[in-house]
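Analysis of the macromolecular model
Chain by chain, the residues run as shown.
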Amino acid sequence: MAEVSTNALSQDSFQGTAADIAGQIGLMWELIKAPLIVPLLRFAMYICLAMELMLFIERLYMGIVIILVKLFMKKPEKRYIWEPMREDLEIGNSSFPMVLVQIPMFNEREVYKISIGAACNLSWPSDRLVIQVLDDSTDPLIKDLVEKECLRWANKGINIRYQIRENRGGYKAGALKEGLKRDYVNDCEYVVIFDADFRPEPDFLRRSIPFLVHNSQIALVQGRWRFVNANECLLTRMQEMSLDYHFTVEQEVGSSTHAFFGFNGTGGVWRIAAINEAGGWKDRTTVEDMDLAVRASLKGWKFLYLGDLQVKSELPSTFKAFRFQQHRWSCGPANLFRKMVMEIVRNKRVNIWKKFYVIYSFFFVRKIIAHMVTFFFFCVLLPLSLLVPEVEVPIWGAIYIPCIITTLNSVGTPRSIHLLFYWILFENVMAFQRTKATFIGLLEAKRANEWVVTEKLGDALKNKEKTKQTKKPRGSLFGDRILPQELGFAVFLFFCGCYDVLYGKSQYFLYIFLQVITFTIAGFGYIGTIVPS
């Protein structure tokens, strides 16, 4: 009897203690909420709404400009001098300028044959073309395969050179820089760069080089990427939607208004003299292509984007590869902005409007604000406002303006308009990684110069035997798949959604629970191809 009484007393004491702790926590929350939490959340809300308005104005501006460009601006062939390249009867192929094709590679087992073959099939006099395969592979077997493929084409009469380095210093920038130092490059006037998964059409040079030959002020002609595996999975469809807007609107607007845009790192032709004048390739950030473009623009060079000059390429179809790529693409521009903003301000060779465009529009809004407002507003502040009803989110900021921005973003890929809502949820998930990478770049933290080559699968998925051979042990795959931070955000959002259902008066819990599902799917790695069982 005494034992039963003791157990009952212990249970009552425990329940009483738990109630006391909960009461104390509730009391502390009420004490700090009004003087501290509410003002901080309101201040953060105003900052996010201001950033959202900046992004909205930027998107609206580009939407208006692209409509005017399509309706009234002349085609590039009319704005600039363009004449087709023809063989001269007297001097023969000497009328064609010497062109260097650079193909940087790193363990590209699945795609090396495709890229080398496409470059070797370019329609250009063979004695006026040098193809340079820059192989930084660390796998001896792959290096041997790439070298043999180069020898195979060399035996067919193609002027192709296989180049390796002792180390990977500078990564891609280092390889491109080293390639330009070769003696046989001295006679080349132009260089075209194709990543290992890019497959140019045979007429690529004949359509792009004349702009450089007849217009001495142009330094770069950039082609548009097209994606051979866009329909492979939902992940590649989401990427296509984002990148099509970039090419259809951002690149076109920059080319048409200021003759400036970020070089995409591949699928473009450079005037070698412009590269040299700008200081050559630099490896100080993970966006060596953007770095070179900004420096060349500050020297007064003009860029031209050709939307109808399309180059086939491959999108990363595994979530791991995509996350590494997005880290590099978000961290690099922020880090470059940190290093170049004052150099742009002090530059004397470009006008103030171009400086404003580069600093505010190109860097600040697109590369920094766009990531931060997506993450902080929709994944942090909006859910927190459900827990603190004193902080009201205006409906125009939560619904109207985001809907307009999303609609403007969808113009690049009309065929995927039915995926727009899921694209929003997916972009909110990726905004977490992009925002984190942006802060790493701005602060130049530990991973600021991390370079992981984006994995290309080529036709590996179509070959069942290869797929079986490339499977990893379940342990390593499990470790790669589980993403604790995304799962943590799913738990946070789930708590906020449940609180809104029980105590709130808004209907935001519908969006919150959909975002929970998306964060959970991403957290368990069920996005993209090759999902292990």
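The preceding data block contains the structure.
These remarks concern the structure in this document. If you're wondering where the values come from, they're calculated on a predicted model, not measured in any experiment.

So, the side chain of Gln-222
- Topologically, Gln-222 is positioned in strand S6 (residues 218–227).
- The buried category is assigned to Gln-222, whose relative accessible area is 0%.
- Here Asn-264 takes part through its backbone nitrogen, which lies 3.2 Å from a polar atom of the side chain of Gln-222.
- When near neighbours in sequence (up to four residues on either side) are disregarded, Gln-222 contacts Phe-261, Phe-263, Asn-264, Thr-266, Gly-267, Gly-268, Leu-304, Tyr-305 and Leu-306.

A closer look at the sheet that holds strand S5 (residues 199–200)
- As summarised here, the arrangement of the 8 strands in space is S3-S2-S1-S4-S7-S6-S8-S5, forming an open sheet in which the pairing is mixed. Looking at the sheet topology across the chains shown, the edges are occupied by strand S3 (160–164) and S5.
- Contacts between helix H3 (residues 112–120) and the sheet are confined to strand S1 (99–105), strand S2 (129–135), S3 and S5, with S1 contributing the most and set at about 180 degrees to the helix.

Observations concerning the packing of aromatic side chains
- Per the counting criterion, the structure on display carries 29 aromatic pairs.
- Centroid distance Phe-362 to Phe-363: 5.1 Å. Interplanar angle 80 degrees. Geometry classified as edge-to-face. Phe-363 carries the same exposure label as Phe-362, and that label is buried.
- Judged by centre distance (5.5 Å) and plane angle (45 degrees), the ring pair of Phe-375 and Phe-432 falls under tilted.

Side note on the packing of helix H11 (residues 352–387) against helix H17 (residues 509–523)
- With their axes 11 Å apart at the nearest point, H11 and H17 run at an angle of 135 degrees to one another. By the criterion of interaxial angle, the relationship of H11 to H17 is oblique. Read as a crossing pair, H11 and H17 show a hand that is left-handed. Between H11 and H17, the residues in contact are Phe-378, Cys-379, Leu-382, Pro-383 and Leu-386 and Tyr-511, Ile-512 and Phe-519, respectively.
- Of the residues that constitute the contact of H11 with H17, the class distribution is 8 nonpolar, no polar and no charged.

What about the packing of helix H10 (residues 319–346) against H11?
- The geometry of H10 relative to H11 is characterised by a closest axis approach of 10 Å and an angle of 155 degrees between their N-to-C directions. Overall, the two elements H10 and H11 adopt an arrangement that is roughly antiparallel. Judged by the twist between their axes, the crossing of H10 over H11 is left-handed. On H11, the residues that touch Ser-330, Pro-333, Leu-336, Phe-337, Val-341, Ile-344, Val-345 and Arg-346 of H10 are Lys-355, Val-358, Ile-359, Phe-363, Lys-367, Ile-368 and His-371.
- Considering only residue class, the contact of H10 with H11 consists of 10 nonpolar, 2 polar and 3 charged.

Definitions and limits used
- Residues numbered from 1 in each chain as written.
- Predicted model: local features only at pLDDT ≥ 70, side-chain atom pairs only at ≥ 80, totals over all residues.
- Heavy atoms only, no water.
- Helix = DSSP H or I, 4+ residues; strand = E, 2+ residues; numbered from the N terminus.
- Buried < 20%, exposed > 50% of the residue type's maximum accessible area, 1.4 Å probe, protein only.
- Polar contact = N/O pair within 3.5 Å; in protein donor to acceptor, adjacent residues only side chain to side chain.
- Contact = heavy atoms within 4.5 Å.
- Pairing = 2+ DSSP bridges.
- Axes fitted to C-alpha atoms, helices over the stretch in contact; angles between N-to-C directions.
- Phe/Tyr/Trp six-rings, centres within 6.5 Å; stacked < 30°, edge-to-face > 60°.
- Parallel < 35°, antiparallel > 145°, perpendicular 65-115°, else oblique.
- Left-handed = near helix turned anticlockwise from the far one by under 90°.
- Nonpolar A, V, L, I, M, F, W, Y, C, P; charged D, E, K, R; others polar.

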